[in-house]
Amino acid sequence: MPYGDPKFTVVNPSPDVDQTIRSLRTSDYLAAAFMTGASWSYGYIVGKPTRMATASTAMALGMTCAGMMVLQNGRARLRGYRENEKEVKKYGAWAVQPEIKANQPGERFPVATGLTSPSVKPPLNWRNYD
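Residues numbered from 1 in each chain as written. Predicted model: local features only at pLDDT ≥ 70, side-chain atom pairs only at ≥ 80, totals over all residues. Heavy atoms only, no water.

J.: For this particular structure, what's the right way to read the environment of Pro15?
T.: The topology assignment puts Pro15 in the segment before α1 (17–22). Taking relative accessible area as the criterion, Pro15 reaches 3% and is therefore assigned buried. Distance from Pro15 to Arg75, taken between C-alpha atoms, is 6.7 Å for residues 60 residues apart in sequence. Look past the residues within four positions of Pro15 in its chain and what remains in contact with it is Thr20, Arg75, Leu78 and Arg79. (Helix = DSSP H or I, 4+ residues; strand = E, 2+ residues; numbered from the N terminus. Buried < 20%, exposed > 50% of the residue type's maximum accessible area, 1.4 Å probe, protein only. Contact = heavy atoms within 4.5 Å.)

This is the structure:
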């Protein structure tokens, strides 16, 4: 996940796997099926002496990759880093939304804006290094 401010409405700042799976879209399922099928096809085309074993292994790797990709995209939508109009309508917005401030024009080095708590990025304690 990106380290910065979400660009869309936050539905849940820390969704668990169950909520992420419940919020998957049809496009997520289609992407997972396509990636799994494409991996099997690639393994079948490339693995000439043992085509079926290579294709099955490639399919397992593709399914693993597809599962991680789908969970990452779903979690990003719930956290507000991707477009999430459907999730906001279905689950509602989180009570505390980060304050999105635009960077000043002309700044050479913009800084991340929003709510960053000390539990996420604790201040440096130089006394530990004495």
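The rest of the description comes next.
J.: Is there a simple way to explain the pattern of salt bridges in this structure?
T.: A side chain of one charge can pair with a side chain of the opposite charge when the charged atoms of the two come close. Under the criterion given, the structure shown has four salt bridges. In this structure, Arg77 and Asp28 form a salt bridge, with 2.5 Å as the shortest nitrogen-oxygen distance. Residue Arg77 is located in helix α3 (residues 51–79), and its partner Asp28 is located in helix α2 (residues 26–46); the two are separated by 49 residues in the primary sequence. Residue class for Arg77 comes out buried when judged on its relative accessible area of 5%. Of the residues examined, Asp28 reaches a relative accessible area of 5% and is grouped as buried. Connected through salt bridges with shared partners, the residues Arg25, Asp28, Arg77, Glu83 and Glu87 form a single ionic network. (Salt bridge = Lys/Arg side-chain N within 4 Å of Asp/Glu carboxyl O.)

J.: Got a minute to help me understand the packing of aromatic side chains in this structure?
T.: Each aromatic ring pair is described using two quantities: the centre-to-centre distance and the angle formed by the ring planes. Per the stated rule, a full pass over the model turns up one aromatic pair. Between Trp40 and Tyr44 the ring centres are 5.3 Å apart and the planes differ by 15 degrees, which places this aromatic pair in the stacked class. Separated by four residues within a single helix, Trp40 and Tyr44 lie in helix α2, roughly one turn from each other. When the ring centre of Tyr44 is taken as origin, the NZ or CZ atom of Arg51, which lies over that ring, is 5.1 Å away. (Phe/Tyr/Trp six-rings, centres within 6.5 Å; stacked < 30°, edge-to-face > 60°. Lys NZ or Arg CZ within 6 Å of the ring centre and 35° of its normal.)

J.: Whenever I open this one, the side chain of Gln19 confuses me. Can you help?
T.: Here Gln19 lies in helix α1. When residues no more than four places from it in sequence are discounted, the contact partners of Gln19 are Asn12 and Leu78.

J.: How should I be thinking about a nonpolar patch on the surface in this particular structure?
T.: Together, Tyr42, Tyr44, Ile45, Val46 and Met52 give the surface a local cluster of nonpolar side chains, amounting to about 560 Å² of exposed area. Among the elements that take part in the nonpolar patch, α2 stands out by supplying four residues, more than any other. Here Val46 is to be found in helix α2. (Patch = residues over 30% accessible without salt bridge, like charges linked within 9 Å, V, L, I, M, F, W, Y side chains within 5 Å. Areas by Shrake-Rupley, 256 points an atom, 1.4 Å probe, with all protein chains shown as cover.)

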